[in-house]
Structures are given as C-alpha cells and as structure tokens.
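Listed here are the chains, written in short residue letters.
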Amino acid sequence: MLQIMMPAPLTFTMNEVPVPEVGDTQALIKIERLGICGSDMQIYHGKHKFMSYPIVLGHEGSGTLTKVGKAVQGFAVGDRVTIQPQNFCGRCYPCQQGLYNVCEHLSVMGVHETGMSSDYFVTEASKLLKLPDELSFDQGALIEPIAVATAVIRKVGGVNGAKVAVLGAGPIGNLVAQVANASGAKDVLITDINPKRLTIAEQCQIPHCVNSQEKDLATAIVDFFGANGADVIIDCAGIRQTISSAVQCARRGSRIAVVANFKTPVEIELVLLQRKEVTLYGIMMYLRQDFERAIQLVAQGKLHTQELVTNYFPVRHIQEAYQYVDDHFEDVMKVMLTFS
Ligand SMILES: [Zn+2]
Ligand SMILES: [Zn+2]
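Residues numbered from 1 in each chain as written. Chains lettered and ligands numbered in written order. Predicted model: local features only at pLDDT ≥ 70, side-chain atom pairs only at ≥ 80, totals over all residues. Heavy atoms only, no water.

In the annotation of an unreviewed UniProt entry, the protein is listed under the name Enoyl reductase (ER) domain-containing protein and assigned to Vecturithrix granuli. The Sequence similarities (unreviewed entry) field of the UniProt record for the protein holds the comment "Belongs to the zinc-containing alcohol dehydrogenase family." Under Cofactor (unreviewed entry), UniProt gives the following word-for-word description of the protein: "Zn(2+)". (UniProt positions renumbered as here; feature names shortened; annotations may be inferred.)

If you want it as structure tokens, here you go:
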C-alpha cells in the first residue's frame with residue numbers, strides 16, 4: 001500500500017509498504033478522506049515544537065473498516081468510521097482525573113506517531129467512532145475539528161442563553177461559532193480581517209460576521225449584543241491583538257477561552273481579568289464525548305460543513321496540496337485529500 005512519509009520539512013516521499021498487521025484489539029481502516037489542518041502546516045514547515053521527523057502526517061481521517069481484530073466488539077467490517085487521534089497513558093495524574101487530553105505522555109497520531117496518510121491505517125478499536133449513514137466521508141474527516149469546537153463549548157461551561165463572540169473565522173473559529181449557535185447561544189458574532197472567511201461564515205449562517213478592520217471588537221459587541229456585552233469571548237485567532245482586545249472588551253464576570261495556538265509569549269493585562277473577575281480558560285484538544293457530540297450535531301443537520309471544504313487533492317498530490325495551502329493561505333478553509 002501507499003504510505004506517505006515526511007522525512008524532513010517540505011518533503012514528502014511515496015513509500016510502498018505492506019498493509020499493517022491487525023492485532024486482536026485493533027482494526028484496519030481503508031482511508032477515504034484526510035483533512036489538512038493548521039498543525040499539519042506547522043509540521044510541514046518544521047515549526048511544530050513538539051514533534052520529530054520522519055513522520056507520517058494526518059489526524060483528521062475517515063474511512064471504512066476492512067479488518068477487525070478477534071477481541072473487538074461493537075465494530076464490523078464495512079463500518080464507516082472516524083478516528084480520535086489521541087493515545088494517552090491512562091496512568092498519569094491528569095489521565096486518572098479523566099483529563100487524558102492533557103496526558104503527560106500524550107501522543108497524537110500524525111504529530112508524535114504515525115498518522116493516516118496511507119491507503120490503510122491500523123489503530124486500536126477504542127479510538128474509532130462509527131459514522132451514521134447520513135454522514136459523508138468529508139463530514140467524517142471534519143469530526144476531529146468539530147470535536148475541538150464541541151470541547152470548547154463544553155469546557156467554558158456551556159453557552160445556553162449566552163452571547164458569544166468568536167475571534168477568528170478560520171475552520172476552528174467557524175466551527176466554534178456554529179457549535180455555539182447549535183448549543184443554545186442567544187447570539188453569536190465572529191470576527192476576522194479576511195473577507196473570504198467572513199463570507200463563508202455568513203454562508204454557515206453565523207448571525208453576525210464582522211470585519212475587525214472595519215469595526216473594532218468593542219464596537220461590534222455593543223452594536224450586536226448591547227451594553228451588557230459578551231458572556232463568552234473565544235479566541236481562535238492566536239494573535240496578540242485579538243487576545244488583548246478580548247481582555248479589554250471582556251465584561252465583568254464573563255469568560256474568555258484561549259483555543260488558538262500562540263506561537264510566541266503574549267502579554268495581557270492580568271489586572272483587568274482580576275478587577276473584572278473574568279475567568280480565563282486554556283483549551284487543549286478533546287475527549288471522546290466531544291467526538292460523540294460532534295457526530296450527533298452533524299447527523300442532526302445542525303452544522304454547515306460542506307461550505308468549509310474549499311479544495312480536494314488526490315493523496316498522491318499531497319505535495320501540491322500543501323503547497324496550495326501555503327500559497328493560498330488566505331483563501332483556503334479545509335483542504336481534503338482523497339483516496340482511490
Ligand atoms: Zn487538526
Ligand atoms: Zn496520562
């Protein structure tokens with residue numbers, strides 16, 4: 001089978017390797033779709049701090065089971081699945097608290113260990129989630145980023161009846177805003193400086209899509225949410241200006257969530273958080289329940305997903321796909337690799 005390896009930044013090699021053996025507790029997946037994500041681009045450029053080469057990329061996959069280990073229950077050949085790409089130790093203190101998303105030995109497929117850029121991928125059955133019939137393989141590959149969004153909404157304590165401002169309208173910001181909307185938020189606004197991303201946000205029926213170069217966050221919040229401001233501000237942009245404006249604009253007694261990966265240390269006015277008694281949430285990945293919720297929301301038709309998929313490339317053209325994302329960083333949302 002084909003397995004695509006990245007031996008060093010900016011380089012892919014196409015390797016012909018045997019189809020992996022399937023252990024008793026494992027299953028073999030014929031991969032159908034694989035999304036390219038911001039963290040993949042960091043690895044592509046050698047800028048990801050917590051990984052080493054060579055690596056097989058890919059953590060946003062969907063496919064069909066072609067083999068199931070003897071001890072596996074609840075899955076059968078032919079099932080359509082997506083994969084929760086975290087491996088954790090189960091023994092460290094965070095794991096024992098159920099917080100395996102911050103396991104001290106967390107190993108993410110496609111980042112720290114072999115990912116899914118291959119015709120077939122073997123993994124523990126415990127990492128699989130079945131896709132209901134109504135979900136496409138595209139939607140299956142989007143479940144991982146949607147689970148980031150469902151995790152955010154869960155971790156900030158829910159948004160029922162809340163006014164939610166999301167900063168950054170890339171794939172994660174878009175999905176966080178949509179999940180907030182689908183989870184009972186009273187009102188949602190999203191900001192970006194990129195008109196294309198804002199247009200896609202509009203197509204996804206996010207209520208207020210604001211170009212922050214035309215209207216600053218403070219004004220947008222007052223215009224759309226009224227004088228009492230936002231209950232929750234969620235930073236999915238990861239730039240100094242957005243988090244400091246979030247801290248400036250946060251209402252007394254409100255919540256801020258940091259979802260984006262900040263690449264350099266950022267100064268914030270801590271005293272403002274203290275004076276206004278703002279709760280700040282750091283958010284890292286997801287739990288299985290967030291995948292289940294993501295699948296449920298898509299199956300219920302509560303999220304716009306196809307609007308997010310801007311491009312397709314056959315997996316053999318992976319180099320071209322990554323180059324395309326690089327050259328059109330402002331234009332692409334989710335790029336999907338397809339398998340024959
Ligand atoms: Zn991702
Ligand atoms: Zn652990």
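From this point, the narrative continues.
S.K.: I'd like a description of the coordination of the zinc ion (ligand 2), backed by residues and values.
M.R.: Within the protein, the zinc ion (ligand 2) binds to Cys-89 (SG), Cys-92 (SG), Cys-95 (SG) and Cys-103 (SG); these donor distances fall in the range 2.3 to 2.4 Å. Here the zinc ion (ligand 2) is ringed by four donor atoms whose angles at the metal span 103 to 120°, and the overall shape comes out tetrahedral. (Donors = N, O, S within 2.8 Å, 3.2 Å for Na, K, Ca; no water. Tetrahedral: all angles 85-135°; square planar, octahedral: opposite > 155°, others 65-115°.)

S.K.: For the coordination of the zinc ion (ligand 1), give the residues involved together with the corresponding values.
M.R.: Coordination of the zinc ion (ligand 1) by the protein comes from Cys-37 (SG), His-59 (NE2) and Glu-60 (OE), over a distance range of 2.1 to 2.4 Å. Read from N- to C-terminus, the donor residues coordinating the zinc ion (ligand 1) fall into the pattern C-x21-H-E. Here the residue Cys-37 occupies a position in the loop between strand 3 (26-36) and helix 1 (38-44), and Glu-60 occupies one in the loop between helix 1 and strand 4 (61-68), the gap between them amounting to 23 residues. Comparing Cys-37 with Glu-60, the two get one shared label, buried. (Helix = DSSP H or I, 4+ residues; strand = E, 2+ residues; numbered from the N terminus. Buried < 20%, exposed > 50% of the residue type's maximum accessible area, 1.4 Å probe, protein only.)

S.K.: I'd like a description of the domain arrangement of the protein, backed by residues and values.
M.R.: Domain annotation for the protein reports domain 1 (2-130 + 305-338) and domain 2 (148-282). Distance from the C-alpha centre of domain 1 to the C-alpha centre of domain 2: 29 Å. Across the contact, eleven residues belong to domain 1 and 14 residues belong to domain 2. Here domain 1 meets domain 2 over a buried area of about 1,100 Å², counting both sides, of which 55% is carbon and sulfur. When the area that domain 1 buries against domain 2 is broken down by residue, the three leading residues are Glu-307, Leu-308 and Met-333, summing to 49%. Linking domain 1 with domain 2 are one salt bridge. Across the pair Asp-331 and Lys-196 runs a salt bridge, and its minimum N-O distance is 3.1 Å. (Domains from an automatic or database assignment. Contact = heavy atoms within 4.5 Å. Buried area = accessible area lost by both parts, 1.4 Å probe. Salt bridge = Lys/Arg side-chain N within 4 Å of Asp/Glu carboxyl O.)

S.K.: I'd like to hear about helix 5 (residues 195-203), residue by residue, with values.
M.R.: Those residues of helix 5 that fall on the buried side of the exposure criterion are Arg-197, Leu-198, Ile-200 and Ala-201. Buried residues along helix 5 cover an arc of 160° about the axis, so they all sit on one side. Contacts from the buried residues of helix 5 go to helix 4 (171-182), strand 11 (187-192), strand 12 (208-211) and strand 16 (309-314). Among the residues of helix 5, the N-terminal cap falls to Asn-194, whose side-chain oxygen and the backbone nitrogen of Lys-196 are separated by 2.8 Å. (Arc of directions from axis to C-beta. Polar contact = N/O pair within 3.5 Å; in protein donor to acceptor, adjacent residues only side chain to side chain.)

S.K.: Could you give me a rundown of the side chain of Gln-139, with the residues and numbers involved?
M.R.: By secondary structure assignment, the location of Gln-139 is in helix 3 (residues 137-155). Judged by relative accessible area, which is 14%, Gln-139 ranks as buried. In this structure the side chain of Gln-139 is engaged in a polar contact, spanning 3.0 Å, whose partner is the backbone nitrogen of Ser-136. Filtering out sequence-adjacent residues up to four positions away, Gln-139 remains in contact with Glu-134, Val-298 and Thr-305.

S.K.: Just give me the short version of helix 10 (residues 318-327), but keep the residues and values in it.
M.R.: Within the span of helix 10, buried status applies to Ile-318, Ala-321, Tyr-322 and Val-325. All buried residues of helix 10 project into a common sector of 95° when viewed along the axis, lining one side. If you follow the buried residues of helix 10, they end up packed against strand 1 (2-8), strand 2 (11-16), strand 3, helix 1, strand 16 and strand 17 (334-338).

S.K.: Hey, could you go over the pairing of strand 2 for me, with residue numbers and the actual values?
M.R.: In the case of a regular strand, side chains alternate between the two sheet surfaces. Bridge analysis of strand 1 against strand 2 gives five bridges, and the strand direction is antiparallel. Within strand 2, the residue paired with Ile-4 across the bridge is Met-14. Where strand 1 hands over to strand 2, the hairpin turn is made up of two residues, of which Leu-10 adopts a positive phi near 70°. (Pairing = 2+ DSSP bridges.)

S.K.: With reference to specific residues and values, describe the side chain of Lys-276.
M.R.: In this structure, Lys-276 sits in the loop between helix 8 (270-275) and strand 15 (279-282). For the buried residue Lys-276, which engages in no salt bridge, the nearest side chain bearing the opposite charge is Glu-269, 8.8 Å off. Beyond its immediate stretch of four places on either side in the chain, Lys-276 contacts Val-247, Gln-248, Cys-249, Ala-250, Arg-251, Arg-252 and Gly-253. (Lys, Arg positive; Asp, Glu negative; His and termini not counted.)

S.K.: Explain a nonpolar patch on the surface to me, and be specific about the residues and the numbers.
M.R.: Judged by side-chain polarity, Leu-99, Val-102 and Met-284 come together as a nonpolar surface patch covering roughly 240 Å² of accessible area. Within the secondary structure layout, Val-102 lies in the loop between helix 2 (93-96) and strand 7 (107-108). Taking the relative accessible area as the measure of exposure, Val-102 reaches 38% and is therefore partly exposed. (Patch = residues over 30% accessible without salt bridge, like charges linked within 9 Å, V, L, I, M, F, W, Y side chains within 5 Å. Areas by Shrake-Rupley, 256 points an atom, 1.4 Å probe, with all protein chains shown as cover.)

S.K.: Before we move on, can you summarise the sheet that holds strand 15 with the specific residues and values?
M.R.: In space, the six strands of this open sheet follow the order 12-11-10-13-14-15, with parallel pairing throughout. The open sheet has two edge strands with one neighbour each: strand 12 and strand 15. Shown here is a sheet whose adjacent strand axes are inclined to one another by a mean of 20°, direction ignored. In this structure, strand 10 (residues 163-167) lies alongside strand 13 (residues 232-235), joined through four bridges in parallel fashion. Bridging from a neighbouring strand, Val-166 pairs with Ile-234 of strand 13. Along the sheet, helix 6 (residues 217-225) contacts strand 10, strand 11, strand 12 and strand 13; its crossing angle with strand 11, the most-contacted strand, is approximately 155°. (Axes fitted to C-alpha atoms, helices over the stretch in contact; angles between N-to-C directions.)

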